[in-house]
Amino acid sequence: MTIKQTLGAILLTSALALSSVGCSKSEGEKAGVKPVASVPAYGTAVGIASGDMNGDGRLDALVASYKGSDTHIYLMKNKGYGRYSTTKIGAVPAYGTAVGIASGDMNGDGRLDALVASYKGSDTDIYVLLNNGDGTFSPQK
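A short tour of the structure in this document, coming up.

What counts and what doesn't
- Residues numbered from 1 in each chain as written.
- Predicted model: local features only at pLDDT ≥ 70, side-chain atom pairs only at ≥ 80, totals over all residues.
- Heavy atoms only, no water.
- Helix = DSSP H or I, 4+ residues; strand = E, 2+ residues; numbered from the N terminus.
- Buried < 20%, exposed > 50% of the residue type's maximum accessible area, 1.4 Å probe, protein only.
- Contact = heavy atoms within 4.5 Å.
- Areas by Shrake-Rupley, 256 points an atom, 1.4 Å probe, with all protein chains shown as cover.
- Salt bridge = Lys/Arg side-chain N within 4 Å of Asp/Glu carboxyl O.
- Lys, Arg positive; Asp, Glu negative; His and termini not counted.
- Pairing = 2+ DSSP bridges.
- Axes fitted to C-alpha atoms, helices over the stretch in contact; angles between N-to-C directions.
- Core = buried A, V, L, I, M, F, W, Y, C linked by side-chain atoms within 4.5 Å.

### Focus: the overall build of the protein
Line of reasoning, step 1. Helix and strand content of the protein: two helices and eight strands.
Line of reasoning, step 2. Across the protein, helices and strands are ordered from the amino to the carboxyl terminus as α-α-β-β-β-β-β-β-β-β.
Line of reasoning, step 3. In the protein, which comprises 141 residues, the proportion classed as buried is 37%.
Line of reasoning, step 4. Summarising the internal contacts of the protein: among those between residues at least 6 apart in sequence, 37% fall at separations of at least 24.
Line of reasoning, step 5. For the protein, the accessible area works out to roughly 7,400 Å², and carbon and sulfur atoms hold 53% of it.

Next up, the structure:
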């Protein structure tokens, strides 16, 4: 397993300790899994994707979390040594169930963008948040 794959596995394991992904924070801690970060949630599924979002060579994470009537998107910037800074980078409308998130270069500029699937009524809407290269994202127009 490469370092990036190992870090991805660690991020995924850490995501399981978040309150809305499979177990409560306290249950995760009892199992020896401690969260590296937390994001607000309203009790439904959370999506997580990893990639070097800011070009510093470290594996960061995108987290999608349903809260209220929106899916909120957070960027967990990897600061090294197991530390992260978490920033909300956007929100998309949602109807209250599972969300999905992935990363990929959607416009060919060499930066990883965020793709968000959000359930809304009888449809799943897909949104693209374009990476501005400075830790911020803008909705695709």
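### Section: the pattern of salt bridges
Line of reasoning, step 1. On inspection of all chains with the given rule, the structure shows two salt bridges.
Line of reasoning, step 2. Among the ionic pairs, R58 bridges to D56, the shortest N-O distance being 3.5 Å.
Line of reasoning, step 3. Of the charged contacts, one joins R111 and D109 as a salt bridge, the two residues approaching to 3.0 Å between their closest N and O atoms.

### Some points on the side chain of D60
Line of reasoning, step 1. For D60, the location among the structural elements is in strand β2 (residues 60-67).
Line of reasoning, step 2. Buried charge D60 goes without a salt bridge, the closest partner of opposite sign being R58 at 6.7 Å.

### Focus: the sheet that holds strand β5 (residues 99-104)
Line of reasoning, step 1. Read from one edge of the open sheet, four strands run β5-β6-β7-β8, paired in antiparallel fashion. Looking at the sheet topology across the chains shown, the edges are occupied by β5 and β8 (137-139). Between one strand axis and the next, the sheet turns by 30° as a mean value, whatever way the strands run.
Line of reasoning, step 2. In terms of strand pairing, strand β7 (residues 123-131) meets β8 through three bridges, oriented antiparallel. Counterpart to L130 in the pairing with β8 is S138.

### Observations concerning unusual backbone geometry
Line of reasoning, step 1. Of note, Y81 is a non-glycine position whose phi angle comes to about 55°, a positive value.
Line of reasoning, step 2. Examined against the element boundaries, Y81 turns out to sit in the loop between β3 (70-80) and β4 (83-93).
Line of reasoning, step 3. A residue is classified by how much of its surface remains accessible, and Y81, at 82% relative accessible area, is exposed.

### Section: the nonpolar core
Line of reasoning, step 1. Of all hydrophobic cores here, the largest spans 14 residues; its most connected members are L62, I73, L75, I89, I101 and F137.
Line of reasoning, step 2. Those elements that place two or more of their residues in this core are β2, β3, β4, β5 and β6 (113-120).
Line of reasoning, step 3. Apart from residues lying up to four places away in sequence, I101 is in contact with G47, I48, A49, L62, V63, A64, I73, L115 and V116.

### A closer look at the sheet that holds β3
Line of reasoning, step 1. If you trace the four strands from one edge of the open sheet to the other, you get β1-β2-β3-β4, paired in antiparallel fashion. Unpaired on one side and paired on the other, β1 (46-51) and β4 mark the two borders of the sheet. On average, each strand axis in the sheet is tilted by 20° relative to the strand beside it, whichever way the strands run.
Line of reasoning, step 2. In the sheet, β1 pairs with β2 via six bridges, with the strands oriented antiparallel. Residue pairing across strands places I48 opposite V63, the latter belonging to β2.

### Describing the pairing of β4
Line of reasoning, step 1. Bridging between β3 and β4 involves ten bridges; their strand directions are antiparallel. Its bridge partner lying in β4, G80 is registered against R83.
Line of reasoning, step 2. Hairpin connection from β3 to β4: two residues lie between these consecutive antiparallel strands, with Y81 at a positive phi of about 55°.

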